[in-house]
Amino acid sequence: MPNKKRILLAEDEEHLLEAIKLNLELEGYKVSTATNGKKALQIFKEERFNLVILDVMMPEIDGFVVAETIRLENSEVPIMFLTAKNTNEDKISGLKKGADDYLTKPFNLEELILRVNNLVKRSLKGDDLKEFNSYKIGDKTIHFNSFELINEDGSITPLTKKETMLLKLLIERRNEAVSREQILETVWNYDVYPSTRTIDNFILTFRKYFEPDPKNPVYFHSIRGVGYKFTDQH
């Protein structure tokens, strides 16, 4: 992995911290560690990271507060929680604090590595996407800043802010399944709770905009029991 990707790992169980650190280093990551929330924040302010992994129950400052503090300064860096708390309420609480992923203890190290690789890859895709403000799907171009879709004939279809945000999220995560929870947290920010049908309707609208045959989509897919996926070879 050229230009080693950097991970901040905060975990107060030292044997677990060392095991995770070792496995991440074997994958080619450079890992900075902290055993409490205060130290984690201090390290975060001093370096730039591609991923932050936080235990929830830590001394000094808990992982939820650390995540909220990081999010005040940085809305882009992926955050993953490691926690023994595994109820849906705990997961939603974690996602509300700005987490991108949530892994419950005990966990399989191989699964952790897979999730870490996906989050780091996504953060790098996000960097690529930020370099431009438009994206072409088929013969149509989305302009994120002006909330417009330019059709092949040059005509303009206005996009709502929510449509634009959801398109950007799906494109940033292209070729990956995006969970309904992630869509809620990113697009709706939990200020309202849209039903699954609401999100489905957005996907149906995108199919009308972009798919040559909306009944047989090639770009926008529903993944049963998970969420949605945008497929593209950009």
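The coordinates are above.
Anyway, here's the lowdown on the structure attached to this text. Nothing here was measured: the structure is a model prediction, and the numbers come from that model.

### Notes on the nonpolar core
Alright, step 1. Of all hydrophobic cores here, the largest spans 25 residues; its most connected members are Ile 137, Ile 142, Leu 170, Ile 183, Phe 206, Phe 210 and Phe 220.
Alright, step 2. When residues of this core are traced back to their parent elements, those giving at least two are strand E6 (134–137), helix H6 (161–172), helix H7 (180–188), helix H8 (196–210) and strand E12 (227–230).
Alright, step 3. Considering every element that reaches this core, the biggest residue donor is H8, with 6 residues.
Alright, step 4. Excluding residues within four positions of it along the chain, Phe 210 makes contact with Ile 137, Lys 140, Ile 142, Leu 149, Leu 167, Tyr 219 and Phe 220.

### Details of the sheet that holds strand E9 (residues 156–158)
Alright, step 1. Pairing within the open sheet is antiparallel, and its 4 strands lie in the order E6-E7-E8-E9. Two strands close off the open sheet at either side, each with one partner strand: E6 and E9. Between one strand axis and the next, the sheet turns through 25° on average, direction left out of account.
Alright, step 2. The pairing of strand E8 (residues 148–150) with E9 spans 3 bridges and is antiparallel. The residue bridging Glu 148 from the neighbouring strand is Pro 158, located in E9.

### Brief notes about the sheet that holds strand E1 (residues 6–10)
Alright, step 1. The parallel open sheet is built from 5 strands, whose spatial order is E2-E1-E3-E4-E5. A strand with exactly one partner marks an edge of an open sheet, and here the two such strands are strand E2 (30–34) and strand E5 (101–104). Here the strands of the sheet are splayed against their neighbours by 20° on average, with no regard to which way each runs.
Alright, step 2. Where E1 and E2 come together, 5 bridges link them in parallel fashion.

### Describing helix H2 (residues 37–46)
Counting along an α-helix, one turn takes 3.6 residues, and residues three or four places apart therefore face a common direction.
Alright, step 1. Within H2 the residues assigned to the buried category are Gly 37, Ala 40, Leu 41, Ile 43 and Phe 44. Along the long axis of H2, the arc covered by the buried residues comes to 165°, so they all point the same way. Opposite the packed face of H2, turned more than 90 degrees from it, sit the exposed residues Lys 38, Lys 45 and Glu 46.
Alright, step 2. Buried residues in H2 make contact with E1, E2, strand E3 (51–55) and helix H3 (63–73).

### Brief notes about the packing of aromatic side chains
Alright, step 1. Across all of its chains, the model carries 10 aromatic pairs by this definition.
Alright, step 2. Geometrically, the ring pair formed by Tyr 209 and Phe 210 is edge-to-face, given 6.1 Å between the ring centres and 85° between the ring planes.
Alright, step 3. By relative accessible area, which is 17% here, Tyr 209 ends up buried.
Alright, step 4. On the basis of an interplanar angle of 25° and a centroid distance of 6.3 Å, the ring pair of Tyr 219 and Phe 230 is categorised as stacked. In this pair, Tyr 219 sits in the loop between H8 and strand E11 (220–223) while Phe 230 sits in strand E12, placing the two residues 11 residues apart along the sequence.
Alright, step 5. Overall, Tyr 219 belongs to the buried group, its relative accessible area being 15%.

Here is what the cut-offs are and how they apply
Residues numbered from 1 in each chain as written. Predicted model: local features only at pLDDT ≥ 70, side-chain atom pairs only at ≥ 80, totals over all residues. Heavy atoms only, no water. Core = buried A, V, L, I, M, F, W, Y, C linked by side-chain atoms within 4.5 Å. Buried < 20%, exposed > 50% of the residue type's maximum accessible area, 1.4 Å probe, protein only. Helix = DSSP H or I, 4+ residues; strand = E, 2+ residues; numbered from the N terminus. Contact = heavy atoms within 4.5 Å. Pairing = 2+ DSSP bridges. Axes fitted to C-alpha atoms, helices over the stretch in contact; angles between N-to-C directions. Arc of directions from axis to C-beta. Phe/Tyr/Trp six-rings, centres within 6.5 Å; stacked < 30°, edge-to-face > 60°.

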